[in-house]
Amino acid sequence: MKILITGASEGIGMSTALELASAKHELLLLARNLGNLEKVKAECEKLGAERVTTFKVDIKNPSEIEEFVNKINELDGIVNNAGIWQKKAQLDEIPEEDIYDVINTNLTGMIILTKKVLPLIRKSSNGFIINISSRSGYFAQPGQTIYSATKYGVRGFTEVLREDLVDSGIRVAGIYQGGTNTQMFNKAGENFPTDKLSTFIHPKQLARVIAFLISLPKGVWLSEVRVEKK
């Protein structure tokens, strides 16, 4: 299958790309860091991916989304993974710039990109849309007003989209994972101690869940997957 993965330059997106490369899928990798994307591409090719193409796109920018979509003419599925963290704080302490960045990356950009590629996925005989949300899209957690707002938004978007597409044959799923050990937190200035990070899910483990979901035969699907480390 021809699969698009957003936020594929590191973390969950990178691990998912590597897992799907081993399954011989054709991959479209999208992220802001083209240098890292090219490294991921090289690793995917070593693992036997049918074909790997990289695209430098900031999904906060609608024109970059439009430019990307104009370059592709077929697609079987998308893993909407790109996202950023909002450093834990009280609402009145969060810079407005951070509010816009988190919402436009985690929610608005994801919605616009999905809207733009949906006509292509409709043409697939085995189309799917997988949206990576978070445990924070299910449970209220202190200090995460903006991040949680986006992840609850992803959940609502996913559930309604699944209802809207129920007769189309397109399978839609939401992934709701607990804390995952990626660089997302450090980038936002949230420096969790090592002992805390050791309790988080490894992105490779989550990638295996995503790959398993994609591997399910037509007619079988898990519309909602909640993943916790045990």
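The rules we used
Here the residue index of a chain counts from 1 through its sequence in written order. In view of the model being predicted, local features appear only for residues whose pLDDT reaches at least 70, and side-chain atom pairs are presented and counted only at 80 or more, with totals across whole chains, interfaces and linings using the full set of residues. Excluded from the side-chain calculation are hydrogens and water; included are all heavy atoms of the structure. Numbering of helices and strands runs from the N terminus; a helix is a DSSP stretch of H or I covering at least four residues, while a strand is a stretch of E covering at least two. For this measure, only C-alpha atoms enter the radius of gyration; the expected value for a globule follows 2.2 Å times N^0.38, where N is the number of residues. Burial here depends on accessible area, computed with a 1.4 Å probe over protein chains only, as a share of the maximum for the residue type. Under 20% is buried, over 50% is exposed, and the range in between is partly exposed. Two residues qualify as a contact provided that any one of their heavy atoms is within 4.5 Å of a heavy atom in the partner residue. Orientation is described by axes fitted as lines to C-alpha atoms, over the contacting stretch for helices, and by angles from 0 to 180 degrees between their N-to-C directions. Orientation categories follow fixed angle ranges, with anything under 35 degrees roughly parallel, anything over 145 roughly antiparallel, 65 to 115 roughly perpendicular, and all other angles oblique. The hand of a helix crossing depends on one turn: near helix anticlockwise from the far one by less than a right angle means left-handed, and clockwise means right-handed. Two strands pair if DSSP finds at least two bridges between them. Among buried residues, the Ala, Val, Leu, Ile, Met, Phe, Trp, Tyr and Cys ones that are joined through side-chain atoms within 4.5 Å form a nonpolar core.

Now for the overall build of the chain. The secondary structure content of the chain amounts to eight helices and seven strands. Computed over C-alpha atoms, the radius of gyration of the chain comes to 17 Å, within 12% of the 17 Å expected from 2.2 N^0.38 for 230 residues, which places it in the range of a compact globule. In terms of overall dimensions, the chain has a C-alpha envelope of 45 × 40 × 40 Å along the principal axes. Out of the 230 residues belonging to the chain, those deemed buried represent 51%.

So, about the side chain of threonine 16. Looking at where threonine 16 falls in the secondary structure, it is placed in helix α1 (residues 11-22). Given a relative accessible area of 1%, threonine 16 falls into the buried group. Among residues more than four places away in sequence, those in contact with threonine 16 are Ile5, Ala207 and Ile210.

Its place among the elements puts glycine 137 in the loop between β5 (128-132) and α5 (145-164). A sequence separation of 54 residues divides glycine 137 from asparagine 191, and the C-alpha atoms of the two residues are 22 Å apart. Ignoring any residue separated from it by four or fewer positions in sequence, one finds glycine 137 in contact with Lys151, Tyr152 and Arg155.

Attention now goes to the packing of helix α4 (residues 96-122) against α5. Each packed pair of helices is defined by two parameters, the angle between the axes and the distance between the axes. Packing of α4 against α5 brings their axes to within 8 Å, and their N-to-C directions diverge by 15 degrees. One element, α4, and the other, α5, form an angle in the roughly parallel class. As for the relative orientation of α4 and α5, their crossing is right-handed in sense. Here Ile99, Val102, Ile103, Asn106, Leu107, Met110, Ile111 and Thr114 of α4 lie close against α5, whose contacting residues are Ile146, Tyr147, Thr150, Lys151, Gly153, Val154, Phe157 and Leu161.

The two faces of strand β7 (residues 224-227) differ: Val225 and Val227 on one face are buried, but Glu224 and Arg226 on the other face are not. Bridge analysis of strand β6 (residues 171-177) against β7 gives four bridges, and the strand direction is parallel. Paired with isoleucine 175 across the strands is valine 225, a residue of β7.

Ordered in space as β3-β2-β1-β4-β5-β6-β7, the seven strands form an open sheet in which the pairing is parallel. Every interior strand has two partners, whereas the edge strands, β3 (51-56) and β7, have only one. Strand-to-strand, the axes of this sheet are offset by a mean angle of 15 degrees, without reference to chain direction. With six bridges connecting them, strand β2 (residues 26-31) and β3 associate as parallel partners. In the strand pairing of β3, leucine 27 is matched with valine 52. Packed on one face of the sheet, α1 meets β1 (2-6), β2 and β6 and runs near 165 degrees to β1.

With that settled, consider the nonpolar core. Ile5, Leu27, Leu29, Cys44 and Ile130 are the most contacted members of the largest nonpolar core, which totals 31 residues. Counting residues per element, this core draws most heavily on helix α8 (residues 203-215), which supplies five residues. Beyond its immediate sequence surroundings of up to four residues, cysteine 44 is in contact with Ala17, Leu18, Ala21, Leu27, Leu29, Ala49 and Val52. Core analysis: the next-biggest nonpolar cluster, separate from the first, contains 27 residues, Ile65, Phe157, Leu161 and Val172 among them.

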